[in-house]
Amino acid sequence: MKFKLHSISGRVSKVVTIILYLLITFTPKAQLVDTAHLQKQWKASWVTVPQTDPTGYGVYYFRKSLDLTSLPKTYTVHVSADNRYKLFVNERLVSLGPARGDLLHWNFETIDLAPFLRVGFNVIAAQVWNEGDLRMEANISLRTGFILQGETNDAQALNTNNSWKCIKDSSYAPLKVNIPAYYVTGPGEQIDMKRHIGDWAGIGYNDSAWENAQVIFAGVPKNIIGAFGSPNGWMLIPSDIPQMELKKERLLKLRTSEGAMVPPSFPATETAISIPANTTATLVLDQTFLTNAYPTMIFSGGKDAVISITYAEALFTKYPTKGNRNDIDGKKFIGRKDVIISNGTRSQTFTSLSFRTYRYIQLSITTKSGALVIDDFYGTFTGYPFHFNAKIESANIELNNMLEIGWRTARLCAFETYTDCPYYEQLQYIGDAKIQGLVSLYNSGDDRLLRNALNQMDHSRQPEGITLSRHPSSTPQYISTFSLWYIGMLHDYMMYGKDVNFIKDKLAGERQVLNYFQ
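Cut-offs used in this document
Residues numbered from 1 in each chain as written. Predicted model: local features only at pLDDT ≥ 70, side-chain atom pairs only at ≥ 80, totals over all residues. Heavy atoms only, no water. Helix = DSSP H or I, 4+ residues; strand = E, 2+ residues; numbered from the N terminus. Rg over C-alpha atoms; globule rule 2.2 N^0.38 Å. Buried < 20%, exposed > 50% of the residue type's maximum accessible area, 1.4 Å probe, protein only. Contact = heavy atoms within 4.5 Å. Areas by Shrake-Rupley, 256 points an atom, 1.4 Å probe, with all protein chains shown as cover. Lys, Arg positive; Asp, Glu negative; His and termini not counted. Charge placed at Lys NZ, Arg CZ, Asp CG, Glu CD. Axes fitted to C-alpha atoms, helices over the stretch in contact; angles between N-to-C directions. Left-handed = near helix turned anticlockwise from the far one by under 90°. Core = buried A, V, L, I, M, F, W, Y, C linked by side-chain atoms within 4.5 Å. Polar contact = N/O pair within 3.5 Å; in protein donor to acceptor, adjacent residues only side chain to side chain. Salt bridge = Lys/Arg side-chain N within 4 Å of Asp/Glu carboxyl O.

Observations regarding the overall build of the protein
Assigned secondary structure in the protein consists of seven helices and 24 strands. Since a compact globule built from 518 residues should have a radius of gyration of about 24 Å, the 24 Å found for the protein is in line with a globular shape. Overall, the protein is about 75 × 60 × 40 Å in size when its C-alpha atoms are taken along their principal axes. By residue count, 55% of the 518 residues in the protein fall in the buried class. Contacts spanning at least 24 positions in sequence make up 80% of the contacts within the protein whose residues lie at least 6 apart. A total accessible area of about 22600 Å² is found for the protein, and carbon and sulfur atoms account for 52% of it. When the 52 basic and 47 acidic side-chain charges of the protein are each reduced to a single mean position, those positions are 2 Å apart.

Focus: the packing of helix H4 (residues 448-459) against helix H5 (residues 482-496)
Close contact between H4 and H5 brings their axes to 11 Å; oriented N to C, the two are set at 145 degrees. For the pair H4 and H5, the sense of crossing is left-handed. Contacts between H4 and H5 involve Leu450, Arg451, Leu454, Met457 and Asp458 on the former and, on the latter, Tyr486, Met489, Leu490 and Tyr493.

Points about the nonpolar core
Counting residues in hydrophobic clusters, the biggest one holds 39 residues, and the most contacted among them are Ile309, Ile361, Leu363 and Phe377. The set of elements that each furnish at least two residues to this core consists of strand E2 (57-68), strand E7 (120-131), strand E18 (273-275), strand E19 (280-301), strand E20 (306-312), strand E23 (356-366) and strand E24 (372-383). Element by element, the count of residues in this core is highest for E19, at six residues. Excluding its chain neighbours within four sequence positions, the residues that come into contact with Ile309 are Met297, Arg336, Lys337, Asp338, Ile340, Phe350, Ile361, Gln362, Leu363 and Phe377.

Focus on the side chain of Thr296
When you line up the elements, Thr296 lands in strand E19. What makes Thr296 buried here is its relative accessible area of 5%. Looking at Thr296, its side chain comes within polar contact range of the side chain of Thr351, at 2.8 Å. For Thr296, the residues in contact, after removing those within four places along its chain, are Thr349, Phe350, Thr351, Asp376, Phe377 and Tyr378.

Side note on the pattern of salt bridges
Using the criterion set out here, one finds 18 salt bridges in the structure. Between Glu416 and Arg84 there is a salt bridge, with its nearest N and O atoms 2.9 Å apart. Of this pair, Glu416 sits in the loop between helix H2 (397-412) and helix H3 (430-443) while Arg84 sits in strand E4 (residues 84-89), placing them 332 residues apart in sequence. Taking relative accessible area as the criterion, Glu416 reaches 3% and is therefore assigned buried. On the basis of relative accessible area, Arg84 is assigned to the buried category, the value being 7%. Arg408 is paired through a salt bridge with Glu404; the nearest N and O atoms lie 3.7 Å apart. With Arg408 and Glu404 both in helix H2, this residue pair falls four residues apart, about one helical turn.

Right, here's the structure in full:
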């Protein structure tokens, strides 16, 4: 739902009063940038895999080895990619990103790798993917690329250049989502495990057959003006939000099962189930509440078996009618789907590239000449790492539950940006974020995601002065009165936020918005 102002005269008057107060009370003051690596062109270069489609769908791996005679106290690096990445050190996931932004404000994450390094041989590896024209609307893209810059001289041994090894994983293909609604959160994945590159981040993996990475151009921070410090490239800025929370989250119930004998402990506890050869089986799993999570399936055997995983926030009687969301009998699954083709070996693993939003999951499995064993299936919850610091003390149980339900909803709509809804759009609309920012401040006190939202809305201002109604977004959209909600959000931050100077820096943009309406 998008919020619209049907009569704005009174609201405009109130907003103007607020801004006059801000203009009288504060004077602009620029924030100081004292981080050395932002003051000049990076020594690291953006790299890509040679002879691949720079803007098309693809999943790519990058590797670099590092020999250490002793353990460093710190080993800080800055990392980014287009469109998304997962960074591993010695097979451990250490960073996901980049945080969503735009080409003129392209985020990089800063990570200390020291806790994950060891004396001797180390492997730093990245999975980078671009979903091309099917990528989610909130993910802006220039072309596929990866960059990693060391902070110190020692860490600059990892700077991305043509010494990094790389390869495209051709086992991946996109699955377009067919939903008769505005759906823009990306495709599903089809993975043929017979062609999949397994253990690509492993310490013992032999990457000698991989190609050397192809250099695109040097990394350029936002404050550098030059041939590539322009809309022709990524203008790098440090992400001002933390890494997203990752927490193992088991599905809680098996609602229906056909074609397989399923132990009662599945899926709530780690339990193996077997699907006989030449069988079609269908299982419906219930998380019992909506969640954002990376699904993981570990499975063995069943060569050429086809495993389909469909995700739904609710089932449909007849689209668009959902009815009682607790009921599933006689209803249909319509939603995003992943498909995996087994190669027949033991302990194959699937984890989706991006998180999925679901309450229900339907597993549809068709085996060939061999039985398939699902060793385990679970999710890993993700979201902005808010801490819930509010409470209601009441004898009314329903009132207490309302706060918990509301906070769960707020968390589902908070990732690297606020989002209007995680299942269908994942877009940061000003009208929605106006409410979400207050929920964050009242219930958590953490203002970093709100500050990030205000920065991005300010970044979206057009030459005429008005902001976009949503940002980041590959397709610009205008709902003019949302620019006034942006000013209202600045007032909210002035009243309840922590940093007065942060608001001072927004005054010039506020004046431009008001000039547009004037």
